[in-house]
Amino acid sequence: MSRRVVITGGASGLGLAMAEAFVAMGDQVAVCDADPAAVASVSPAILAVVADVTDEVAMSDFLGRIEADWDGADIVISNAGIGGPAGPIEDLDFADWQRCLSVNLDGAFLTCRWAARVLKAQGAGVLLLTSSVSGLFGFPWRTPYVAAKWGIVGLTKALASELGPYGVRVNAICPGAVEGPRMDRVIAMEAQAQSRSEADVRKGFTDGVALRRFVTADEVAAMAVFLASPGAASISGQAMAVDGHTERTT
Ligand code: NAD
C-alpha cells in the first residue's frame, strides 16, 4: 500500500536519496527545501516545495497543504540541516552558532510539532530525524554542529516517549561522513580552519572509521526505508549510526 512520506531538506543530498528510495517503493513523497534551484530540479514524481525549515509561516503553509491534500501522513522525516562553522570555539561567530542551531533544531521543532499532532491523531506513524555521528561523539572544532546533532538525539528520545503510547515510533539516523559535495565543503572548511591539506583532513575522517571509507547516500536512505518498515515495528527511541563504525574523532 502506498504510504504518504514528508521529508524536509529533500531536494538534494540525503533527503533526495531518501525521497527517491520511497518513490521507488511506490510511496507518495513530498519534500520541502530552502533552495529554489534544487527544488526546480526534483523529479515530477516528487511534490517539491520551496520552504525554509526555520520559517514558521512557510512551514505551516507547506505542512498545512500536505495535511489538507493527503489527509495526514505516514512517515515524516526531519532531515534539513547545515554543517555550521568549523574552528576552535573562541574563534566562532555567535551568528554562525545561532544559524547552525536554528536550521538543525528550530527546523526539527517545527517539523516534529506538526508530525506529533498529525501522527498522534491517527494513532500510527513513523517520525525520523537526521542526526549525525556528530550526535554520538564530541568532534572537536565543530561545537555548533555537535551540540545541534546531540540535540536532535535528545529530541528523538523525548518524542519517542511522548508518542510511543499513541503508536508512533521515533528514531534518529546518524550518518557518518557521506560521499558527496556536502562533505567536500566540510573538508575544505576544516582544512582551512586547521591549516591542513584537504587530503589530510579526508584521511583523518576515514582513518577514524573501521571500514576506512565514507558512507553513501543510498546506504543512509536504506536505513530510513528499514526504520519506516514493519520490520522495525519494535524499534523506537534509537539513534542508529550508518557510519562504518566510528572509532576515533580526531
Ligand atoms: P546537503 O547540503 O547535500 O542537502 C541538504 C538539503 O537541505 C539541501 O537541499 C539544502 O538546500 C536543504 N536545506 C538547507 N538548509 C535548509 C533550510 N533552512 N530549510 C530547508 N532546507 C534546507 O546535505 P546532506 O548531506 O544531504 O544533509 C542532510 C542531513 O544529513 C543534514 O541534517 C545533515 O546535517 C545530515 N548529515 C549529513 C552528513 C554528510 O556527510 N553529508 C553526515 C551526517 C549527517
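Each residue is numbered by its place in its chain's sequence as written, counting from 1. Given that the model is predicted, a residue must reach a pLDDT of at least 70 before its local features are reported, and side-chain atom pairs must reach 80 or more before they are shown or counted; all residues, however, enter totals for whole chains, interfaces and linings. Note that water and hydrogens are dropped before the side-chain values are worked out from all heavy atoms of the structure.

## Observations concerning the overall build of the chain
Piece 1. Only DSSP runs of H or I with at least four residues qualify as helices, and only runs of E with at least two residues qualify as strands; both kinds are numbered from the N terminus onward. Within the chain, the secondary structure is distributed over eight helices and seven strands.
Piece 2. For 250 residues, the compact-globule estimate of 2.2 N^0.38 gives 18 Å, and the C-alpha radius of gyration of the chain, at 17 Å, lies within 12% of that figure.
Piece 3. Along the longest, intermediate and shortest principal axes, the C-alpha atoms of the chain span 50 × 35 × 30 Å.
Piece 4. Relative accessibility thresholds used throughout: buried, under 20% of the residue-type maximum; exposed, over 50%; partly exposed, between the two (1.4 Å probe, protein chains only). Put simply, the chain has 250 residues, and 50% of those count as buried. Within these notes, the globule rule equals 2.2 Å times the number of residues to the 0.38 power, and the radius of gyration is based on C-alpha atoms.

## Description of the domain arrangement of the chain
Piece 1. Segmentation of the chain into domains, including their bounds, is taken from an automatic or database domain assignment. Partitioning the chain into structural domains gives domain 1 (4-176 + 216-241) and domain 2 (178-214).
Piece 2. Averaged C-alpha coordinates put domain 1 and domain 2 at centres separated by 24 Å.
Piece 3. What makes two residues a contact is simply this: any of their non-hydrogen atoms within 4.5 Å. Contacts between domain 1 and domain 2 engage 16 residues on the former and nine residues on the latter.
Piece 4. What gets called buried area is simply the loss in accessible area from a 1.4 Å probe that two parts show on being joined, summed for both. Taken over both partners, the interface formed by domain 1 and domain 2 buries close to 910 Å², and the fraction arising from carbon and sulfur atoms is 56%.
Piece 5. One side-chain nitrogen of Lys or Arg within 4 Å of one carboxyl oxygen of Asp or Glu is enough to make a salt bridge. Where domain 1 packs against domain 2, one counts two salt bridges.
Piece 6. Close ionic contact of E219 with R213 constitutes a salt bridge, the shortest N to O distance being 3.1 Å.

## Regarding the pattern of salt bridges
A side chain of one charge can pair with a side chain of the opposite charge if their charged atoms are brought near each other.
Piece 1. This model, assessed by the stated rule, comprises 13 salt bridges.
Piece 2. Note that D69 and R65 form a salt bridge whose closest N and O atoms lie 4.0 Å from each other. In this pair, D69 and R65 both sit in helix α3 (residues 56-70), four residues apart, roughly one turn of the helix.
Piece 3. With relative accessibility at 41%, the residue R65 sits in the partly exposed group.
Piece 4. Overlapping salt bridges bring together E179, D184 and R202 as one network.

## So, helix α5 (residues 143-163)
Piece 1. Take the number of residues in a helix, subtract one, and multiply by 1.5 Å to get its expected span. Between its first and last C-alpha, α5 extends 30 Å over 21 residues, near the 30 Å set by a 1.5 Å rise per residue.
Piece 2. Residues of α5 that are buried include every one of P144, Y145, V146, A148, K149, I152, V153, T156, L159, A160 and L163, and no others.
Piece 3. The secondary structure elements touched by the buried residues of α5 are α4 (94-122), β5 (125-130), β6 (168-175), α6 (181-193) and β7 (239-242).

## Remarks on the nonpolar core
Piece 1. By nonpolar core is meant a set of buried Ala, Val, Leu, Ile, Met, Phe, Trp, Tyr and Cys residues that side-chain atoms within 4.5 Å join together. Among the nonpolar cores identified, the biggest contains 32 residues, and V6, M59, F62, W114, L127 and V170 are the most heavily contacted of them.
Piece 2. For this core, the secondary-structure elements that each account for two or more residues are β2 (28-33), α3, α4, β5, α5 and β6.
Piece 3. Within the second largest apolar cluster, 31 residues are counted, among which are A11, V42, I77 and A228.

## Remarks on α3
Piece 1. The end-to-end C-alpha distance of α3 is 21 Å, a good match for the 21 Å that 15 residues give at a rise of 1.5 Å each.
Piece 2. Those residues of α3 that fall on the buried side of the exposure criterion are A58, M59, F62, L63, I66 and W70. Within α3, the buried residues cover an arc of 115° as seen down the axis, which keeps them to one side. Those residues of α3 that are exposed and angled more than 90 degrees off the buried face are V57, D61 and A68.
Piece 3. Tucked into the core, α3 has its buried residues touching β1 (4-8), β2, β3 (47-50) and α4.
Piece 4. Once α3 finishes, D71 follows within two positions and takes phi at roughly 60°, a positive value. Directions pointing from the helix axis toward each C-beta atom define the arc.

## So, the site of the ligand
Piece 1. A molecule or strand has a residue near it when one of that residue's heavy atoms lies within 4 Å. Lining the immediate environment of the ligand, one finds 28 residues, of which S12, L14, D33, N79 and Y145 sit closest.
Piece 2. Between N or O atoms, a polar contact is any pair within 3.5 Å; within protein, one atom must be a potential hydrogen donor and the other a potential acceptor, and residues adjacent in sequence are included only when both atoms are from side chains. In this structure, A34 approaches the ligand through a main-chain N or O atom, which is 3.1 Å from a nitrogen atom.
Piece 3. N79 has a polar backbone atom sitting 2.7 Å from an oxygen atom of the ligand.
Piece 4. Only the protein chains shown count as covering a residue, and every accessible area follows the Shrake-Rupley method with a 1.4 Å probe. The fraction of the free accessible surface of the ligand (820 Å²) that becomes covered by protein chains is 91%.
Piece 5. Residue assignment for the shell around the ligand shows that the elements contributing at least two residues are α1 (13-24), α4, α5 and α6.
Piece 6. By residue number, the principal contributor to the shell around the ligand is α6, which donates three residues.
Piece 7. For the shell around the ligand, the class distribution of residues is 12 nonpolar, nine polar and seven charged.
Piece 8. Inspection of the shell around the ligand shows a minimum of three residues originating in each of domain 1 (4-176 + 216-241) and domain 2 (178-214). Polar here means any residue outside two lists: the nonpolar Ala, Val, Leu, Ile, Met, Phe, Trp, Tyr, Cys and Pro, and the charged Asp, Glu, Lys and Arg; Gly therefore counts as polar.

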